[in-house]
Amino acid sequence: AQKITQTQPGMFVQEKEAVTLDCTYDTSDQSYGLFWYKQPSSGEMIFLIYQGSYDEQNATEGRYSLNFQKARKSANLVISASQLGDSAMYFCAMRTMNTGNQFYFGTGTSLTVIP
Amino acid sequence: ETGVTQTPRHLVMGMTNKKSLKCEQHLGHNAMYWYKQSAKKPLELMFVYNFKEQTENNSVPSRFSPECPNSSHLFLHLHTLQPEDSALYLCASSQILRGGTDNEQFFGPGTRLTVL
């Protein structure tokens, strides 16, 4: 069975500081992709970053980076230099080659950036 | 229009009403999804369509009826809903390739549904 776990329901970070949002996953498939999405209060889910299971380097996209530790089955999102606009819900998701169309989402982490 | 659009953005309906949610994607994707997002609950996958064919139906009550007339449009027909069906309904699309896992889902802005 495929499963995504986000253990931090809520996080706070000071503006301009870095923050790490945790995500662990469970799958028996060898080929899979990990995704992070941001959901502001407006409701729209915004894709942030992707990491493939065979990628040797951690993915980076601007201020977002993914700390991928395959042996631990973790894919933590690191946001550097936090901004007030980063306050939102963050979801980790996974898709595996064998499950085709299905994406599996975690329960999300609510991030609040404090000025 | 670009990306994934959803209409209406907000909907209030009584339990005896019939309404439909509409989703349209302008990305040329071959898969479309309906999700339900209730307060303080994880995202719940409802339906998946791949090339207009329904490939997933996650035990959704029959008062929700999906329709996918082509690969760009997806509807969710609603009838005799319950107050607990009040939620944010998100549509998404993705390009599904054989052997690939790197195609992310693109989401619409959602329809916030309130059932009275």
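So, a few notes on the structure that sits alongside this text. Throughout, residues of each chain are indexed from 1 in the direction in which the sequence is written. To read the labels, note that chains go from A and ligands from 1, taken in the order they are written. In keeping with the model being predicted, local features are shown solely for residues with a pLDDT of at least 70 and side-chain atom pairs are shown and tallied solely at 80 or more, while totals for entire chains, interfaces and linings include all residues. Calculated side-chain values reflect all of the structure's heavy atoms, with hydrogen atoms and water omitted.

## Here's the deal with the state of the cysteines
Defined as follows: Disulfides are defined as cysteine sulfur pairs within 2.5 Å. The helix and strand labels rest on DSSP assignments: H or I over at least four residues marks a helix, E over at least two residues marks a strand, and numbering proceeds from the N terminus. Using a 1.4 Å probe on the protein chains alone, a residue whose accessible area is under 20% of its type maximum counts as buried, one over 50% counts as exposed, and one in between counts as partly exposed.
Counted by the stated rule, this structure contains two disulfides over all chains. Linked covalently through their sulfurs, A:Cys23 and A:Cys92 form a disulfide whose S-S length is 2.0 Å. Given an S-S torsion of about -65°, the disulfide between A:Cys23 and A:Cys92 has left-handed geometry. Highlighted residues: A:Cys23 in the loop between strand E3 (19-21) and strand E4 (24-26) and A:Cys92 in strand E10 (residues 88-96), separated in sequence by 69 residues. Given a relative accessible area of 0%, A:Cys92 falls into the buried group. Bridging B:Cys23 to B:Cys91, the disulfide has an S-S length of 1.9 Å. In this structure the cystine formed by B:Cys23 and B:Cys91 twists about its S-S bond by roughly -75°; its chirality is therefore left-handed. Taken as a pair, B:Cys23 in strand E3 (residues 18-25) and B:Cys91 in strand E9 (residues 87-94) lie far apart in primary sequence, 68 residues in all. There is no split in this pair, since B:Cys23 and B:Cys91 are both buried. Note on B:Cys68: no disulfide assigned, nearest cysteine sulfur contributed by B:Cys91 at a separation of 9.1 Å. Residue class for B:Cys68 comes out buried when judged on its relative accessible area of 12%.

## Description of the sheet that holds E3(B)
Residues and elements named next belong to chain B. Our working rule: Note on pairing: two strands pair once DSSP finds at least 2 bridges between them. To obtain each axis, a line is fitted to C-alpha atoms, and for helices this fit is confined to the stretch in contact; angles are then taken between N-to-C directions over 0 to 180 degrees.
In space, the four strands of this open sheet follow the order E1-E3-E8-E7, with antiparallel pairing throughout. Bordering the open sheet on either side are strand E1 (4-7) and strand E7 (64-70), each of which pairs with just one other strand. The sheet shows a mean angle of 15° between the axes of neighbouring strands, direction not considered. As paired elements, E3 and strand E8 (residues 73-79) share seven bridges and run antiparallel to each other. Following the sheet pairing, Leu21 is matched in E8 by Leu76.

## Some thoughts on the packing of aromatic side chains
To be explicit about the condition: The aromatic pairing rule takes the rings of Phe, Tyr and Trp, using the six-membered ring of Trp, and pairs them if the centres are within 6.5 Å, calling planes under 30 degrees apart stacked, those over 60 edge-to-face and the rest tilted.
This model, assessed by the stated rule, comprises 13 aromatic pairs over all chains. Residues A:Phe35 and A:Phe103 carry aromatic rings whose centres are separated by 5.4 Å and whose planes lie at 55° to one another, so their mutual orientation is tilted. Residue A:Phe35 is located in strand E5 (residues 32-39), and its partner A:Phe103 is located in the loop between E10 and strand E11 (104-105); the two are separated by 68 residues in the primary sequence. Accessibility classification places A:Phe35 together with A:Phe103 in one group, the buried group. Relative to B:Tyr33, the ring of A:Phe103 has its centre 5.9 Å away and its plane inclined at 80°; by these criteria the two rings are edge-to-face.

## Overview of the environment of A:Ser28
Residue and element names in this part refer to chain A. One can find Ser28 in the loop between E4 and E5. According to the relative accessible area criterion, Ser28 is exposed, its value standing at 59%. Sequence separation of Ser28 and Thr96 is 68 residues, and the distance between their C-alpha atoms is 9.3 Å.

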